[in-house]
Amino acid sequence: MSELPSPDDAVLTTGALAHRLGVAPTTLRSWDRRYGIGPAVRADGRHRRWRPSDVAVLEAMCRLTSSGVPPADAARAAKDAVLRPAAEPADTVPERTDEPGALALGGDVRQECRGLARAAVRLDAPAVAERLEAAVQRHGLAVAWQEVMVPTLHAVGRKWASSGDRYVEVEHLLSWQVSTALRRAPHAVVTGGQEGRPGPVLLACVPGEQHSLPLEALNAGLLELGVPTRMFGAAVPVEALIAAVRRLGPVAVVLWAQTRSTASLPLARHLADTRWGVTGARRAPTVVLGGSGWAGRAAPGLPRPTGLSDALTLLAGVHGRGTA
């Protein structure tokens with residue numbers, strides 16, 4: 001009877017290992033060529049066969065790149081940690097160096113942006129979700145949005161624009177995970193529209209506008225402050241907007257327009273003139289313009305915040321709640 005194979009005899013193909021790690025097989029081959037993160041032996045001298053010790057190095061490599069460590073530095077640290085246990089721990093790595101092909105995030109962007117971007121490029125949804133949740137817990141929602149989520153979204157968008165339709169799947173995955181993180185962000189229990197209390201803040205993208213993430217961030221920030229909202233999302237038809245304002249009696253209406261082609265000042269002014277309530281006590285909402293589509297257009301009486309923090313301060317004040 002033949003002996004049972006030892007643990008070191010168990011091997012994985014490149015495809016099986018890539019599936020296990022959640023990366024593309026081409027990534028494993030690239031790491032092997034560039035950084036020497038490859039199998040100790042090869043079948044027939046050509047085909048890669050990965051033993052447990054090889055897998056351990058790659059798992060450490062993935063953890064480090066997900067935390068924002070550049071691949072070249074991560075490779076050295078992973079090999080030191082797994083193959084030379086007496087060396088310094090894998091989490092202790094040299095200062096970052098610019099890595100060819102990496103997302104152009106710039107030197108002053110938070111380290112967690114780099115880890116988030118690399119996890120997104122690998123399509124590692126669990127790692128992306130974990131990093132987004134950690135950013136919200138660590139910095140608060142407004143800072144996490146402005147200094148982690150937005151820079152990473154912009155970096156992925158630039159990579160897509162410069163790569164000839166590549167990375168579209170990365171942008172979609174990252175956008176979905178950001179949206180999910182915003183909806184899951186902690187918030188106060190809020191009520192609105194009750195007798196004698198201010199109505200909610202109504203948030204809607206103008207007709208034809210599909211970019212709703214910034215509005216979702218504002219919605220999450222208002223809920224965190226205890227301001228009641230009604231979120232209607234992307235591309236809300238004119239008739240539906242008018243009907244919602246009349247039914248809800250909101251204290252404010254936020255209209256989001258990402259592009260000039262969707263921004264409609266006549267619609268904004270119409271909503272600002274929409275009144276409700278009993279005779280002698282009729283009121284109208286404060287209409288707030290959000291997004292770059294409104295830039296350069298004169299809109300007296302229609303405030304246009306410069307960013308999320310500004311919008312939160314304005315709307316909390318309109319609703320009668322402070323942001324302190």
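### Structural notes on the sheet that holds strand β4 (residues 229–233)
Across a sheet, strands are paired by hydrogen bonds formed along the backbone, either parallel or antiparallel in direction. If you walk across this open sheet you meet the four strands as β4-β3-β5-β6, and the pairing is parallel. Of all the strands in the sheet, the pair left with one neighbour each is β4 and β6 (286–290). Averaged over neighbouring strand pairs, the angle between their axes works out to 15 degrees when direction is ignored. Where strand β3 (residues 201–205) lies against β4, four bridges are found, and the strand directions are parallel. Residue pairing for β4: Leu203 is matched across the bridge by Met231. Each of β5 (252–256) and β6 is contacted by helix α11 (residues 265–272), which is oriented at about 155 degrees to β6, the strand it contacts most.

### Describing the pairing of β5
Each regular strand displays side chains that alternate between the two surfaces of the sheet. Of all five residues in β5, five are buried, a share of seventy percent or more. Residues of β5 alternate between two faces, with Ala252, Val254 and Trp256 on one and Val253 and Leu255 on the opposite face, all of them buried. Both β3 and β5 contribute to a ladder of five bridges, which runs parallel. Looking across to β5, one finds that Leu203 is bridged to Val254. When β5 meets β6, the two strands line up parallel, connected through five bridges. Note that in β6 the partner of Leu255 across the bridge is Leu289.

### Observations concerning the pattern of salt bridges
Applying the stated criterion across every chain, the model contains four salt bridges. A salt bridge links Arg20 to Glu59, with the shortest nitrogen-to-oxygen separation between them at 3.3 Å. In this pair, Arg20 sits in helix α1 (residues 14–21) while Glu59 sits in helix α3 (residues 52–66), placing the two residues 39 residues apart along the sequence. The class for Glu59 is partly exposed, based on a relative accessible area of 28%. The salt bridge involving Arg138 is made with Glu112; its shortest N-O contact spans 3.3 Å. Placement of the pair is Arg138 in helix α6 (residues 125–139) and Glu112 in helix α5 (residues 111–121), with a sequence separation of 26 residues. Taking relative accessible area as the criterion, Arg138 reaches 55% and is therefore assigned exposed.

Calculation rules
- Residues numbered from 1 in each chain as written.
- Predicted model: local features only at pLDDT ≥ 70, side-chain atom pairs only at ≥ 80, totals over all residues.
- Heavy atoms only, no water.
- Pairing = 2+ DSSP bridges.
- Helix = DSSP H or I, 4+ residues; strand = E, 2+ residues; numbered from the N terminus.
- Axes fitted to C-alpha atoms, helices over the stretch in contact; angles between N-to-C directions.
- Contact = heavy atoms within 4.5 Å.
- Buried < 20%, exposed > 50% of the residue type's maximum accessible area, 1.4 Å probe, protein only.
- Salt bridge = Lys/Arg side-chain N within 4 Å of Asp/Glu carboxyl O.

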